[in-house]
Amino acid sequence: VQLVESGGGLVQVGGSLRLSCAASGRIFKINAMGWYRQAPGKQRELVAAITTGGGSTNYADSVKGRFTISKDNAKNTMYLQMNSLKPEDTAVYYCNAVVVNVLSGSGTDYWGQGTQVTVSS
């Protein structure tokens, strides 16, 4: 599984950005996808996740009501629409895909290269 992010950049407080994550390879094995972010000096944290089957979603409390995760199965692409951006949203955003081995139950994580999002005040 290969993941390529795009859509990061510099935006002012209150602005919007949409991140994209294009998946390729053995994508039929992906069970769930998500967006993580890592700010300087901080641990990587989950921002939002979506299952590839039913499309169930999960969000970090800090982004609920502002960010929306979605996927376009026809394009093998996942999106993160980010509205009402705040300076604390500044981070490198990473795309993640999880493949679960149904026999062992173990999961394998795949990561994109990351895209920088900077929110200026």
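Residues numbered from 1 in each chain as written. Predicted model: local features only at pLDDT ≥ 70, side-chain atom pairs only at ≥ 80, totals over all residues. Heavy atoms only, no water.

Enquirer: Any details on the nonpolar core? Residues and values, ideally.
Expert: One finds Met33, Trp35, Leu80, Met82 and Tyr93 to be the most contacted residues of the largest nonpolar core, which totals 30 residues. Residues in contact with Leu80, not counting those within four places in the same chain, are Leu17, Arg18, Leu19, Trp35, Val47, Ala48, Phe67, Thr68, Ile69 and Tyr93. (Core = buried A, V, L, I, M, F, W, Y, C linked by side-chain atoms within 4.5 Å. Buried < 20%, exposed > 50% of the residue type's maximum accessible area, 1.4 Å probe, protein only. Contact = heavy atoms within 4.5 Å.)

Enquirer: Describe in detail the pattern of salt bridges, supporting the description with residues and values.
Expert: Here the structure, examined in full by the defined rule, presents four salt bridges. Between Glu45 and Arg37 there is a salt bridge, with the nearest N and O atoms lying 2.7 Å from each other. With a relative accessible area of 35%, Glu45 lands in the partly exposed category. Since its relative accessible area comes to 6%, Arg37 is described here as buried. Between Asp89 and Arg37 there is a salt bridge, and its shortest N-O distance comes to 2.9 Å. Pair noted here: Asp89 is in the loop between strand E8 (77–82) and strand E9 (91–100) and Arg37 is in strand E4 (residues 30–38), with a separation of 52 residues, a long-range link. (Salt bridge = Lys/Arg side-chain N within 4 Å of Asp/Glu carboxyl O. Helix = DSSP H or I, 4+ residues; strand = E, 2+ residues; numbered from the N terminus.)

Enquirer: Give a detailed account of the packing of aromatic side chains, specifying residues and quantitative values.
Expert: On inspection of all chains with the given rule, the structure shows one aromatic pair. Where Tyr36 meets Trp111, the ring centres are 5.0 Å apart and the plane angle is 70 degrees; that geometry is what we call edge-to-face. Placement of the pair is Tyr36 in strand E4 and Trp111 in strand E10 (residues 107–111), with a sequence separation of 75 residues. Judged by its relative accessible area of 36%, Trp111 falls in the partly exposed class. The aromatic ring of Trp111 is capped on one face by Arg44, whose charged end is 4.6 Å from the ring centroid. (Phe/Tyr/Trp six-rings, centres within 6.5 Å; stacked < 30°, edge-to-face > 60°. Lys NZ or Arg CZ within 6 Å of the ring centre and 35° of its normal.)

Remember, this is a structural readout, not a statement about activity or role.
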